[in-house]
Structure formats: structure tokens, C-alpha cells
Amino acid sequence: PAAALVPYRVLDDDGGGTAYALALALADAIDREVDVINLSLVYHRRSTAVDLLLERAGAAGIVVIASAGNDAAVELPFPAADRNVVAVTALAADGAALAGFANRGSTSWLAAPGEDVVGAVDGGGFGRSSGTSMAAPFATATAALLLDADPYLDPALVAGALRQGGAPLVDGLWQGVSLDAAAAVALVGRRMLTDPRVAAGVR
């Protein structure tokens, strides 16, 4: 609840934008030593500059969450496809499966509410929106809760808590977990989190 939000406008009114604008925002966020970065956007081309900044963010211990995209595809767009981010896809409104539009690549193992999500709209008031850009902030907020519970968690441990705390979900060939913020925070609070690097035998 005491988290400070630092918003960056990198897209125009039509949802378009340049990798240069994103790179500037990422560089500033890293310099400000933020704890979590949310990227509710996709680009059609990979950017070397953004790639390097995402690697720099990971090395600095910053958790980066990105939306998986809305093309009902198995190949993730950039930056969700980057190895330094947690790619979040969207649940259908009933939570029993992925939304029909949601990308479902094998590396997007985390799903969060992304259909008919209530939120603020331009001009004031509230409305309903759908997309993986709505799903990613749920995971971002949960990451902030995890870091509040244990400020010493690194990005791999945060991702591990999101995965271990999630409820198993299978939708066709896609297998992953649906976000469970309470369970993830409880794992950290009870010190029951398994380091995913140890479990995988990574040094």
C-alpha cells in the first residue's frame, strides 16, 4: 500500500511508440533504483538497446514484468520474449482458461486476470478493458507485495514465488499457473520459498 508509482508515457494515443522512447524510460527507471518495472506493451521488432537495458535491470535486481501480447499466438513478441522478464498472459473472465486473444508461448507460464478488467479510463471514471496489458499489472503488484514481505528477494526468487504460489492451469497445449497473490506472499512470509535455481541445479 505504501508503494510509490513512477509512470512513463512511451506510447502515443494510438498505442504506437518507438524503442528509443522505451529505452529512455528504462534507463531512467534503473537510475532511480526502482524495484519493479511493468511493461504493458509489445513491439514488432527486437531492440538491442532495450535488450541491454533489460539485462542491466536484471543485474541491478529489478523485477521486470511484461505483457505477453494479444495475437492468440505461441510465439511471444518483444519484450515479453526477453529472458530478463516475466511474461504474463491473460485469463478469461471466468478464470478457468486463457482468454481467446491471449498469447500462450511456453515461456509465458504465468496468467493473470485480463478480460473485462475494471480500471480508470481517459476522461475520468472507470470502464472495462481486456488484454494482456491488463494482466501484467496484477503480477507487478504482486511482485511489489513480495518485495515488501522480503526486500532481499532477487528477480529469480520473485519469479519462483509467483510460480510456486500459482494455481496449476492447463489450456490445450499451454501449461502454467494462474496468479495467486495471497499464496505467493504466504510462501515468502513463511520462508517456504524454494530457490528455482537450486531446484534446477543452477549455480
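Before any of the text, the structure's been laid out above.
What this report covers is the structure whose coordinates are included nearby. (Residues numbered from 1 in each chain as written. Predicted model: local features only at pLDDT ≥ 70, side-chain atom pairs only at ≥ 80, totals over all residues. Heavy atoms only, no water.)

This paragraph deals with the sheet that holds strand 7 (residues 167–171). The mixed open sheet is built from 6 strands, whose spatial order is 1-2-3-4-8-7. Both edges of this open sheet fall to strand 1 (36–39) and strand 7, since each of them pairs with a single strand only. Pairs of neighbouring strands in the sheet enclose a mean axial angle of 35°, with direction left out of account. (Pairing = 2+ DSSP bridges. Helix = DSSP H or I, 4+ residues; strand = E, 2+ residues; numbered from the N terminus. Axes fitted to C-alpha atoms, helices over the stretch in contact; angles between N-to-C directions.)

Quick look at the pairing of strand 2 (residues 63–67) now. As a general feature of sheets, a regular strand has side chains that alternate between the two faces. Across the 5 residues of strand 2, 5 count as buried, placing the element largely inside the fold. The pairing of strand 1 with strand 2 spans 4 bridges and is classified as parallel. The residue bridging Val36 from the neighbouring strand is Val63, located in strand 2. With helix 2 (residues 48–59) bridging strand 1 and its parallel neighbour strand 2, the resulting β-α-β unit is right-handed. With 3 bridges connecting them, strand 2 and strand 3 (residues 86–91) associate as parallel partners. Across the sheet, the residue bridging to Ala66 is Ala87, located in strand 3. (Buried < 20%, exposed > 50% of the residue type's maximum accessible area, 1.4 Å probe, protein only. Right-handed = clockwise from strand over helix to strand, strands pointing away.)

Summarising the element assignment, Ser178 is placed in strand 8 (residues 174–178). Once residues within four sequence positions are removed from consideration, Ser178 is found in contact with Leu91, Ala111, Gly166, Ala167 and Leu169. (Contact = heavy atoms within 4.5 Å.)

Summed over all chains, the structure comprises 0 aromatic pairs. Above the face of the Trp109 ring, Arg163 is positioned so that its terminal group lies 4.2 Å from the ring centre. (Phe/Tyr/Trp six-rings, centres within 6.5 Å; stacked < 30°, edge-to-face > 60°. Lys NZ or Arg CZ within 6 Å of the ring centre and 35° of its normal.)

Put simply, helix 3 (residues 132–149) and helix 4 (residues 155–165) touch, their axes get as near as 10 Å, and they point 115° apart. Relative to helix 4, the element helix 3 is oriented roughly perpendicular. Helix-helix and strand crossings are classified by hand; for helix 3 and helix 4 the assignment is right-handed. Residues Thr142, Ala143, Leu146 and Leu147 of helix 3 pack against Val158, Ala161 and Leu162 of helix 4. (Parallel < 35°, antiparallel > 145°, perpendicular 65-115°, else oblique. Left-handed = near helix turned anticlockwise from the far one by under 90°.)

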